[in-house]
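# Architecture and fold: a report
Listed below are the residues making up each chain.
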Amino acid sequence: MSALFFLLVSCLYSSTLTAASLAPGYAPLTFTAPVPGTYSLPELGKAQDGRVLDSQAHEHSLLALMKGKVVLLSFIYSSCDDVNGCPLATFVLHKIQQHLSKHLATAQQLRLLTLSFNPEHDTPDVMGQYGRSFQNTSLDWQFLTTRSEQELAPILHNYQLSVQKINTDDGKFTGKFTHALKVFLIDEQQKIRNIYSADFLHPETLLSDINALVTHQTHNNSPKPHATPVRPTRKPSLLGLPKLPVPRTNPLTKAKIELGRKLFFDRRLSFNNTVSCAMCHLPEQGFTSNDMATAVGVEGRSVRRNAPTLYNVAYATTLFHDGREHSLEQQVWGPLLAHNEMANPSMAYVLDKINQQADYHAAFTHAFNKPATMETLGMALASYQRSLTSAHSAFDRWLYQHESTALSSEAQHGYTLFIGKAGCAKCHTINTHSAVFSDQQFHNTGIAYQANMVTNAPTQQLEIAPKVFVNVANSLINSVSASKQNDLGRYEISQNPAHRWQYKTPSLRNIALTAPYMHNGSLRSLSDVLDFYNAGGVAHEQLDPLIKPLNLSPKDLAALLAFLQALTGDNVKQIVNEALSEPIGN
Amino acid sequence: MNTTQNSLRPLTRLLNTSLLLATLPFAFNATADETCQSPYMAKITGQEDVVYVWTLGMEGLGDEQDKMVTVDVNPVSKTYGKVIDSVSVGGRNEAHHADFTDDRQFLWAGGLDTNKIFVFDVHTDPLHPKLVKTITDFVAKSGGVVGPHSTYALPGRMMITGLSNNKDHGGKTALVEYNNAGDYVSTYWMPTDKALQADPSSVYADGYGYDVRALPRKNLLLTSSFTGWSNYMMDFGKMLTDAEAMKHFGNTVVQWDLHTRQAKKIFSVPGAPLELRCAWKTEHNYCFTTTALTSKIWLIYEDKDAVWQAKAVADIGEPANIPLPVDISISSDDTKLWVNTFMDGKTRLFDISDAFHPKQVYEQKIGAQVNMVSSSWDGTRLYFTSSLLANWDKKGLDNEQFFKAYRWDGQHLQQQFTIDFIKEKLGRAHQMKFGARSLYSTPNTATPR
């Protein structure tokens, strides 16, 4: 038995070393070893080459020594006396050798390489002596060194091994090193598949990994969440909608819609590549955000208003809650340049960024026969948004196709209330042959008045975990709140005092999908909205005269709710699937 | 920024700083700031020379960029208590956590917003870290993971926890593995399989992420859970009053098989469990976490049947007032746990000698707000910084931004010095990591990298 094993044995049985002070690799595994084939060993990089000497002083390429085998490569120096250092690596490799002497088929596919990082002392002859007692016919185990520190240095560098000589105070080398123990598992393709340090180095887990490579050849199979599905084809769903308004200057084409969709999901359209259009208008959340009342832009900047749904936005005659735009082609530049949304410093910045991408160059050329410009970028995004038409709902089939069973009797009662006692249709209009559910006008419901003019209660109830509520002082909340921005609605555009706190009437199509509601997302459910209107909104001098207490019964409210839930288009799933098939630009 | 050469004599440094090699027996366990490191990382058990402070840029202040700030904390240095270096990285990235590779040669610092990871060489000149690489492919390579948070060293690689995703900026996220060279390795999505729930009646299998810690001898990897980009980037007050947003916090700790990276069990830990800290002693098979919103200390422990369990073991302050526990630091002897509470700006010391019954034994107000705490290995020096998240920090005069050094005498914290990060035009001070020249000072180092 070699000197190494005397050292090992003496260390292992020394009264100064307790079991707790020995590395786990010396003791039986305290957990069940993983079963080969049930887990992945992802590639950690390529094995690196270098010039090495075997114990007969023959020079080899390190990679050549790995050829055709699964390899365990350990770095040691022969005079290392730290029981949890180099001796541990050799001990573990020896245990593997012992085990595989009974599993020759596996043993024949494995090679052990032990390479010294102390070439001055560890000559080929020294390494030969070091390894002599470990070499047998069952397993190929080679003990290597290098010709010099100069030849060693790139190997250590490439395997990212930090090794430092320990010197005496007067600068003389003590013959000892500080180093982190590392053993590398390398597959037949010379890819590193695992790296073990002392805490992780155990013969049983190494054998599992070896068997995984020898028998199962596992590969990195990490799940990807956004695997691109086959893009479905979508039919227009226009029953119940008027003729699609399309500007003569921007006729819809497949190329423009597809380009617009690509832009819509590209986070690079924001200044710091974090926010795309789709981050606030989420396809799976009704092309709004169900998870927050008001939107959040670049660097988390607060946006005052709820992100409006984009379903059927083609029919809106004005855009934004305050109606400050009237063309989708122009509107897209608003969020792109707003400091609290996508925060781009200029149009040129956006266009330069897009035009520098090869894929966009081709797509714009295909759609417009010219690169991205202020005009073509707007036209592409507008085309995609214009394609998000959704109707042919149960309501549409009942009213416009006369399918008497399409709408439940409760929803039919809701419809009667909607156009009658409840007065909803005065703003959310329904016409003879179609319904956009918006009068395209501006109204004051009192929501903004309340938010801007009414003093809050001294405390607020917060849900800090599911069904765990606490009442918190507003002073505490205010200490971490940025100054709240005022919101005067349509007045901000018109400067007409009569327009204070007025907002555009939104369409109600797909309304069940687009919570939370109102311009500031302050009402979380449709029931909350119905209760709000049933109570007559927020009473104040400028409240829209159309809004007044409705005295609707719970049954009436339930009927209205059923009616609103019947306004969901039949192509939502298709639209969402199509949207999700678009790779996200990062 | 002026930089000044530290004046320590080499011999003094060598005596004051000892390096716990990875191969020493008591380095087998994970985890405080010197007591919070990854398993098997070289540790500073004596006097640290510097503290690296990963700092968020502030609009309107200085150069407005995120930066790695180096503070001289060695009392015998002429520049003790001063900023001796600052490396701006470009942009505001929501600088948050940072940690070393297993060889402690490089410091990886993540940006929760832009998803960049900045890699600093800290071994060539530990007093002057150098930005040597910026990883920009984190989202694309990982398959859509957003918000690189903990950068936790495993042998030859870094395990990085995400907080969000690029699909909806919600809380569903993953663990992402890179090798030490900065190349992507693999992605492991947080489990949402209800069959893994420790309590079958629980409603939680949220798939959220935050921190990660390992106990190799138990083949244990634990992850905690916070919230997605939409919330952690949102103005804190706006979020607190948004009932829907408040529903999107993590309520889970996940037990993983460390070797196979497979999720084994999901514990219900309601109220956003954040930092994970595992005990050091080999007979202490447990880790602590604290819940930010519900203000509790939770113990994740192995029971007598070798089954891992989770239990709430103490309240922190008055939970109804939302003190908001943030960073924690466990002592190297497993007897003390420092817990910072952001909203009241206090640090609290818990006696955890009985891990199942922590008792608060001390508290002190550090500032109007406080977030991170880092302890020296011997527990006599503690450092505090102020920033939680750019948009969660307090507003107005309470937005104090500082690095504060204290000495703990076993009874009281005694303040040694303060650096005002606003007065110095630096930004919001967040994560702290220790550096020491003696870690790298041995002549004839064999591996220039």
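This structure is a prediction, so every number in the text was calculated from the model and none was measured. (Residues numbered from 1 in each chain as written. Chains lettered and ligands numbered in written order. Predicted model: local features only at pLDDT ≥ 70, side-chain atom pairs only at ≥ 80, totals over all residues. Heavy atoms only, no water.)

## Remarks on the overall build of chain B
A count of helical and extended segments in chain B gives four helices and 32 strands. In chain B, which comprises 449 residues, the share counted as buried stands at 71%. Summed over all atoms, the accessible surface of chain B reaches about 12900 Å², with 50% contributed by carbon and sulfur. (Helix = DSSP H or I, 4+ residues; strand = E, 2+ residues; numbered from the N terminus. Buried < 20%, exposed > 50% of the residue type's maximum accessible area, 1.4 Å probe, protein only. Areas by Shrake-Rupley, 256 points an atom, 1.4 Å probe, with all protein chains shown as cover.)

## What to know about the interface of chain A and chain B
By a frequent convention, interface size equals the accessible area lost on bringing the separate parts together. With 88 residues of chain A at the interface, the matching set in chain B holds 92 residues. Across the interface of chain A and chain B, roughly 7500 Å² is buried in total on both sides, 56% from carbon and sulfur atoms. Looking only at chain A, the three residues that lose the most surface to chain B are Gln-160, Asp-199 and Val-480 of chain A, adding up to 9% of its buried area. One can count six salt bridges joining chain A with chain B. Note that Glu-463 of chain A is salt-bridged to Lys-247 of chain B, the shortest N-O span being 3.1 Å. (Contact = heavy atoms within 4.5 Å. Buried area = accessible area lost by both parts, 1.4 Å probe. Salt bridge = Lys/Arg side-chain N within 4 Å of Asp/Glu carboxyl O.)

## Topic: the side chain of Asn-399 of chain B
Following the sequence through the fold, Asn-399 of chain B ends up in the loop between strand 29 (381–385) and strand 30 (402–408). Not counting chain neighbours up to four residues away, the residues in contact with Asn-399 of chain B comprise Met-58, Gln-369, Asp-393, Lys-394, Ile-422 and Arg-428 of chain B.

## Thoughts on the domain arrangement of chain A
Under the domain assignment, chain A is made up of domain 1 (3–216), domain 2 (254–392 + 575–580) and domain 3 (405–568). For domain 1 of chain A and domain 3 of chain A, the distance between their C-alpha centres works out to 70 Å. (Domains from an automatic or database assignment.)

## Observations concerning the sheet that holds strand 6 (residues 140–144) of chain A
Residue and element names in this part refer to chain A. Strands sit in the order 1-10-9-4-5-6 across an open sheet of six strands; the sheet is mixed. Each end of this open sheet is capped by a strand with a single partner; those strands are strand 1 (45–46) and strand 6. Bridge count for strand 4 (residues 70–76) against strand 9 (residues 183–186) is four bridges, and the pairing is antiparallel. Pairing of Ser-74 across the sheet is with Val-183, part of strand 9. Contacts from helix 3 (residues 86–100) reach strand 4, strand 5 (110–116), strand 6 and strand 9, with the element oriented near 155 degrees to strand 4. (Pairing = 2+ DSSP bridges. Axes fitted to C-alpha atoms, helices over the stretch in contact; angles between N-to-C directions.)

## Quick word on the packing of helix 8 (residues 254–264) of chain A against helix 12 (residues 358–368) of chain A
Residues and elements named next belong to chain A. Where helix 8 meets helix 12, the axes come as close as 8 Å, and the angle between the chain directions of the two elements is 150 degrees. Put simply, helix 8 runs roughly antiparallel to helix 12. Helix-helix and strand crossings are classified by hand; for helix 8 and helix 12 the assignment is left-handed. For the pair formed by helix 8 and helix 12, the contact residues are Ala-255, Lys-256, Leu-259, Lys-262 and Leu-263 on the first element and Asp-359, Tyr-360, Ala-363, Phe-364, His-366, Ala-367 and Phe-368 on the second. (Parallel < 35°, antiparallel > 145°, perpendicular 65-115°, else oblique. Left-handed = near helix turned anticlockwise from the far one by under 90°.)

## What about the sheet that holds strand 20 (residues 273–278) of chain B?
All names here are of chain B. Strand order in this open sheet of four strands is 20-21-22-23, and the pairing throughout is antiparallel. The sheet terminates laterally at strand 20 and strand 23 (308–315), the two strands that pair on one side only. Strand-to-strand twist across the sheet, computed as the mean angle between neighbouring axes with direction ignored, equals 25 degrees. Pairing of strand 21 (residues 286–291) with strand 22 (residues 296–302) involves six bridges; the strand directions are antiparallel. Bridge assignment links Thr-289 to a residue of strand 22, and that residue is Trp-298.

## Regarding the state of the cysteines
This structure, assessed with the given rule, holds one disulfide over all chains. Linked covalently through their sulfurs, Cys-278 of chain B and Cys-287 of chain B form a disulfide whose S-S length is 2.1 Å. The S-S bond linking Cys-278 of chain B to Cys-287 of chain B shows a torsion near 90 degrees; that makes this disulfide right-handed. The pair Cys-278 of chain B / Cys-287 of chain B is uniform in exposure class, with both members buried. Looking at Cys-277 of chain A, it has no disulfide partner, and the nearest cysteine sulfur is the one in Cys-280 of chain A, 8.9 Å off. Its sulfur unpaired, Cys-424 of chain A is 8.9 Å from the next cysteine sulfur, which belongs to Cys-427 of chain A. (Disulfide = S-S within 2.5 Å.)

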